[in-house]
Amino acid sequence: MSARTAAAPARVARPVSWRRPVNTALRYALLGVILIFAVFPFVWTLAIALTDKTAGSSIYAFPQSLLPSRVTLHNFVDVYRTFSLGKYLWNSVVITGLTVLGTLLVSALAAYPLARFRFPGRGVIFGLIVLTLVLPGETTFIVNTLTLKNLGLLGTHAGVVLPTIAGAFGIFLMRQAFLAIPAALLEAARLDGASELTILRRIMLPLTRPSLAALGIFTTVTTWNAYFWPMLVLSGAPDRAPLAVAVLKLKGQFNYDPFNIAAGSIIMMLPVLLVFLAAQRLFLRGMEGAVK
């Protein structure tokens, strides 16, 4: 009897079957709460923008204001025509496009030698570049403004773009992406007689497209929503201001229409939101490569 008892296998404790679904439910509940807090301001703004203001609706009648009694697109048409948002929208497209192209070019050219060349002080240079991430952007406004004034670039789109294209985040992101490329590919290309610029253009950039896309999306969102720096540079040329600056005109001392303000805000945020949603997979892939 004792021999049977000794030979009997010990029972293995199994995890309780109900823990996994409960943990999953709690996780989704937490994500749902976070989603509500993140999406609620946009949903309320959209509801106000679609409300017919001639129906006597109030934006402060919550939660009735979330469900307009009469839906209309007149607010969008009215604010677009009255404040000529078309030209400001074009200004935002020009500034954002030039900034994205400049950022991708400068970041790739700066990150490649920091990732693949061996020269004295490389680590110090990269460390100083990364340290600029902890500095607020406002610390450079005075110096950049004085420099642009001496160069005659105040009041121009170039004055808005040039000081922003050499960012530490873009250089860091592209350096991490270049470090992930096997060194054997570069050595083989050099043995075939390829120049460093050819290696960058034909090997490094095609293999780091997710990181380039992530940097492009991040720069697009940041530049499109930028307000203070474009306002400062283009204060003497209001017709060249981007949409983020022009939307402020919807609210003034003698003009306060919350329905028009909401419509203008939706017009400003909708293009960049669609771009991000369309390319979010590339953005996440690029950011994952930077973390690795």
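Keep in mind it's a predicted model, so treat the numbers as computed, not measured.

Rules behind the numbers
- Along each chain, residue indices are assigned from 1 in the same order as the chain's sequence is written.
- The model is predicted, so local features are restricted to residues of pLDDT at least 70 and side-chain atom pairs to those at 80 or more, both for listing and for counting; the totals for chains, interfaces and linings are taken over all residues.
- The side-chain quantities take in all heavy atoms of the structure and omit both hydrogens and water.
- To qualify as a helix, a DSSP run of H or I must reach at least 4 residues; to qualify as a strand, a run of E must reach at least 2; elements of each kind are numbered from the N terminus.
- For the exposure calls, accessible area comes from a 1.4 Å probe over protein chains only, and a residue counts as buried if that area is under 20% of its type's maximum, exposed if over 50%, partly exposed in between.
- Only heavy atoms enter the contact rule, under which two residues are in contact if any of them lie within 4.5 Å.
- Exposure was quantified through the Shrake-Rupley algorithm and a 1.4 Å probe, taking into account, for residues, occlusion by the shown protein chains and nothing else.
- The term salt bridge refers to a pairing of a side-chain nitrogen on Lys or Arg with a carboxyl oxygen on Asp or Glu at a separation within 4 Å.
- Angular values range over 0 to 180 degrees, each being the angle between N-to-C directions of two axes fitted as lines to C-alpha atoms, with helices fitted over their stretch in contact.
- Throughout this description, any angle smaller than 35 degrees is read as roughly parallel, any larger than 145 degrees as roughly antiparallel, any in the 65 to 115 degree range as roughly perpendicular, and the remainder as oblique.
- Definitions for this section: a left-handed crossing has its near helix turned counterclockwise from the far helix by less than a right angle. A right-handed crossing has that turn clockwise.
- UniProt positions are given in the numbering used here, feature names are shortened, and annotations may be inferred rather than shown by experiment.
- Polar contacts here mean pairs of N or O atoms no more than 3.5 Å apart (in protein, one a potential hydrogen donor and the other a potential acceptor; neighbouring residues in sequence count only if both atoms are side-chain atoms).
- Here the nonpolar core consists of buried residues drawn from Ala, Val, Leu, Ile, Met, Phe, Trp, Tyr and Cys, with membership extended through side-chain atoms lying within 4.5 Å.
- Each domain span listed reflects an automatic or database assignment of domains.
- For patch building, the residue pool is restricted to those with more than 30% relative accessible area and no salt bridge; the joining distance is 9 Å between like charges and 5 Å between nonpolar side chains (Val, Leu, Ile, Met, Phe, Trp, Tyr).

A separate point is the overall build of the chain. Helices and strands together make up the secondary structure of the chain, namely 15 helices and two strands. Scored against the burial criterion, the 292 residues of the chain give a buried share of 34%. Restricting to contacts in the chain with at least 6 residues of sequence separation, those with at least 24 account for 73%. Taken as a whole, the chain presents about 18400 Å² of accessible surface, with 69% of it coming from carbon and sulfur.

Once that is clear, we can look at the pattern of salt bridges. Scanning the model with the defined rule gives four salt bridges in all. Close ionic contact of Glu 196 with Arg 190 constitutes a salt bridge, the shortest N to O distance being 2.8 Å. Residue class for Glu 196 comes out partly exposed when judged on its relative accessible area of 28%. What makes Arg 190 partly exposed here is its relative accessible area of 27%. Look at the salt bridges and you will find they share partners, linking Glu 187, Arg 190 and Glu 196 into a network.

Attention shifts here to the packing of helix 2 (residues 19-49) against helix 14 (residues 258-278). Their axes nearest at 8 Å, the elements helix 2 and helix 14 cross at an angle of 125°. The pairing of helix 2 with helix 14 is recorded here as oblique in orientation. The element helix 2 and its partner helix 14 pack so that their crossing is left-handed. Contact residues: helix 2 offers Phe 42, Thr 45, Leu 46, Ile 48 and Ala 49, while helix 14 offers Pro 258, Phe 259, Ala 262, Ala 263, Ser 265, Ile 266, Met 269 and Leu 273.

Per the UniProt record, "transmembrane region" (unreviewed entry) is annotated on residues 28-50, 88-112, 124-148, 160-186, 207-229 and 259-279. With 100% helix and 0% strand, residues 88-112 has end C-alpha atoms that lie 36 Å from one another. Each end of residues 207-229 is marked by a C-alpha atom, and these two atoms are 34 Å apart; helix forms 87% of the span and strand 0%.

Bringing the side chain of Thr 72 into the picture now. Tracing the backbone shows Thr 72 in the loop between helix 2 and helix 3 (74-82). Engagement of the side chain of Thr 72 in a polar contact is seen with the backbone nitrogen of His 74, the distance being 3.0 Å. Excluding residues that lie within four positions of it along the chain, Thr 72 makes contacts with Ala 49, Leu 50, Thr 51 and Asp 52.

For soluble globular proteins, nonpolar side chains are generally found buried alongside one another. Residues Ala 49, Phe 76, Val 79, Leu 85, Leu 243, Ile 267 and Met 268 are the most contacted members of the largest nonpolar core, which totals 21 residues. Top contributing element to this core by residue count: helix 14, with eight residues. When residues of this core are assigned to domains, at least three map to each of domain 1 (21-71) and domain 2 (87-284). The contact partners of Ala 49, leaving out residues within four places of it in the chain, are Thr 72, Asn 75, Phe 76, Phe 259, Ala 262, Ala 263 and Ile 266. Counting residues in each nonpolar core, the second largest holds 20 residues, with Ala 108, Ala 115, Met 174 and Leu 215 among its members.

A surface patch of nonpolar side chains, amounting to about 460 Å² of accessible area, comprises Tyr 28, Leu 30, Leu 31 and Ile 34. Residue placement: Leu 31 occurs in helix 2. With relative accessibility at 49%, the residue Leu 31 sits in the partly exposed group.

Let's shift gears to the packing of helix 4 (residues 85-116) against helix 5 (residues 122-131). For any two helices packed against each other, one specifies the inter-axial angle together with the distance between the axes. Packing of helix 4 against helix 5 brings their axes to within 10 Å, and their N-to-C directions diverge by 140°. As judged from the angle between their axes, helix 4 and helix 5 are oblique. Crossing angle aside, the handedness with which helix 4 passes helix 5 is left-handed. Within the contact between the two elements, helix 4 uses Pro 113, Leu 114 and Ala 115 and helix 5 uses Arg 122, Ile 125, Phe 126 and Ile 129.

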